[in-house]
Amino acid sequence: MAEKQGNKKVCPVSSKCGGCQWINRPYGEQLQSKAVRFRKMMEPFCKTEGIIGMEEPEHYRCKVHAAFGEDRKHNAISGIYEERSHRIVSVDSCLIENEKADAIVVSVRGLLKSFKIRPYNEDTGYGLLRHVLVRVGHATGQILVVLVLSSPILPSKNNFVKALLKLHPEITSIVINVNDRNTSMVLGEREQVVYGKGYIEDRLCGKVFRISPKSFYQVNPVQTEKLYGKAMEYAALTGKETVLDAYCGTGTIGLIASEYAGRVIGVELNGDAVRDARMNAKQNQVKNIEFYQNDAGRLLLQMAEQGEKLDVLFMDPPRSGSSQEFLDAAVRIRPGRIVYISCNPETLVRDLKILTGQGYRVERSVAVDMFPFTEGIESVSLLTKK
Ligand code: SAH
């Protein structure tokens, strides 16, 4: 909904949404501010390299989530939750979201009345459609639409699918996900593929990746390529190394590294993501990689206890950072290089303190702007043994 007025962007919901804290800041200034903050936070450890920004910083989010509800007159609305609440703020288009995905959400909303589908009401428990999730493959153009329903039956399902495809022939798959619980989680357990393959594929760094509705996939693929590129540069693989990709998601980092390594192991907690990772290995004909569904710390500890050797450790933990158990095990197995990819500099710094106290030094570090118009800072750091 952002419109340009001179150099200023005006988004009518920005104060309620809170998603783009920096909607009115010129992009160059945003980068500068992130670079300064990151440099200061990293000061105790090393000098940082220049922040890697985007050439076109708008509409980068390839995953779009819209909550559905009703206004007081029982008209369907869709959009985002007001910051720290469950009130839905109506949004039709957003400065940082993929434009096609936004258009699809609006079309779904437009179809509801004629199909007599009511959006779900969290207070009364009436209604069917809770959320719509759209994932767009940046390089492939494939589009997955997930309709999250409160019960498994979508009335006149086939006609609904037909009508949506007529409006958006670019959609390659539609999945119904059933979330019948009173929870703030968007997706439920049960899934039914009603059109296409049930997932999208995307290409990153020359490899193809399959992404299911529930799997983690970086939301900004343009910057992800640059991020992974830096991670590979820092890893400096020669073809012989044993590599661990910890918190591997759908196996992206490990699979990209597999070309330059001897043997790669990936570990991830989410079962759907591990399934995708194994499929991705097959699809890309990668033979020197194995994936384990496990807690990353537990697996690393097992490796350490079994006296396995590890040359390079990639770690890409969630916002909460790594665990003490993981870091202890990492120090015990003592890889020559640790490449730490972080989406939260606070937990990064906390974890670096532990590693640098245990015989590692931070050699290089760079921020990559994955989240323009927001305060988020993604980064890659290289640790080597002292
Ligand atoms: N490296 C991947 C995913 C990073 S996101 C990529 O770049 O796409 C972090 C991942 O860590 C998520 O997939 C999440 O499911 C996983 N995760 C969270 N806690 C974990 C744990 N304790 N052990 C293993 N994986 C974990």
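Before going into details, it helps to say that this report is about the structure given with it.

**Things to note about the sheet that holds strand β6 (residues 88-90)**
Then comes step 1: Strand order in the open sheet formed by seven strands is β6-β5-β4-β7-β8-β9-β10, with mixed pairing between adjacent strands. Edge strands, defined here as strands with exactly one partner in the open sheet, are β6 and β10 (190-195). Direction aside, the axes of adjacent strands within the sheet are offset by 35 degrees on average.
Then comes step 2: In terms of strand pairing, strand β9 (residues 173-178) meets β10 through five bridges, oriented antiparallel. When the sheet's bridge partners are listed, Val 175 is paired in β10 with Val 193.
Then comes step 3: On the sheet, helix α4 (residues 157-167) packs against β8 (143-149), β9 and β10 and is oriented at approximately 60 degrees with respect to β10.

**Observations concerning the site of the ligand**
Then comes step 1: Around the ligand, a shell composed of 16 residues is seen, among which Tyr 228, Glu 268, Asp 295, Ala 296 and Asp 316 lie nearest.
Then comes step 2: Here Leu 269 contributes a backbone N or O atom positioned 3.2 Å from a nitrogen atom of the ligand.
Then comes step 3: Among the residues forming the shell around the ligand, the class breakdown is eight nonpolar, five polar and three charged.

**Section: unusual backbone geometry**
With the exception of glycine, most residues fall at negative phi, and the peptide bonds are largely trans.
Then comes step 1: In this structure, His 74 is a non-glycine residue whose phi angle is positive, near 65 degrees.
Then comes step 2: Along the chain, His 74 turns up in the loop between β4 (63-70) and β5 (76-81).
Then comes step 3: Of note in the backbone geometry, Ala 236 takes a positive phi value of approximately 45 degrees without being a glycine.

**Details of the nonpolar core**
Soluble globular proteins tend to bury their nonpolar side chains together.
Then comes step 1: One finds Phe 291, Phe 314, Val 339 and Val 380 to be the most contacted residues of the largest nonpolar core, which totals 59 residues.
Then comes step 2: Per-element tally for this core: the top contributor is helix α5 (residues 221-235), with six residues.
Then comes step 3: Not counting the four nearest positions on each side in its chain, Phe 314 is found in contact with Ala 231, Met 232, Ala 235, Val 243, Leu 244, Asp 245, Ala 246, Ile 253, Ala 257 and Val 339.
Then comes step 4: In this structure, Ala 246, Ala 296, Ile 338 and Leu 352 belong to the second largest nonpolar core, which totals 35 residues.

**Focus: the pairing of β8**
Side chains on a regular strand alternate between the two faces of the sheet.
Then comes step 1: Across the seven residues of β8, seven count as buried, placing the element largely inside the fold.
Then comes step 2: Residues Ile 143, Val 145, Leu 147 and Leu 149 of β8 are buried on one face, and the alternating residues Leu 144, Val 146 and Val 148, pointing to the opposite face, are buried as well.
Then comes step 3: In this sheet, β8 lies alongside strand β7 (residues 129-136) in antiparallel orientation, the contact comprising seven bridges. By the bridge assignment for β8, Val 136 is matched with Ile 143.
Then comes step 4: Where β8 meets β9, six bridges bridge the pair, whose relative direction is parallel. Bridge pairing in β9 places Leu 149 opposite Val 178.
Then comes step 5: Taken together, β8, α4 and β9 constitute a β-α-β crossover, and its handedness is right-handed.

What counts and how
- Residues numbered from 1 in each chain as written.
- Predicted model: local features only at pLDDT ≥ 70, side-chain atom pairs only at ≥ 80, totals over all residues.
- Heavy atoms only, no water.
- Pairing = 2+ DSSP bridges.
- Helix = DSSP H or I, 4+ residues; strand = E, 2+ residues; numbered from the N terminus.
- Axes fitted to C-alpha atoms, helices over the stretch in contact; angles between N-to-C directions.
- Contact = heavy atoms within 4.5 Å.
- Near = heavy atom within 4 Å.
- Polar contact = N/O pair within 3.5 Å; in protein donor to acceptor, adjacent residues only side chain to side chain.
- Nonpolar A, V, L, I, M, F, W, Y, C, P; charged D, E, K, R; others polar.
- Core = buried A, V, L, I, M, F, W, Y, C linked by side-chain atoms within 4.5 Å.
- Buried < 20%, exposed > 50% of the residue type's maximum accessible area, 1.4 Å probe, protein only.
- Right-handed = clockwise from strand over helix to strand, strands pointing away.

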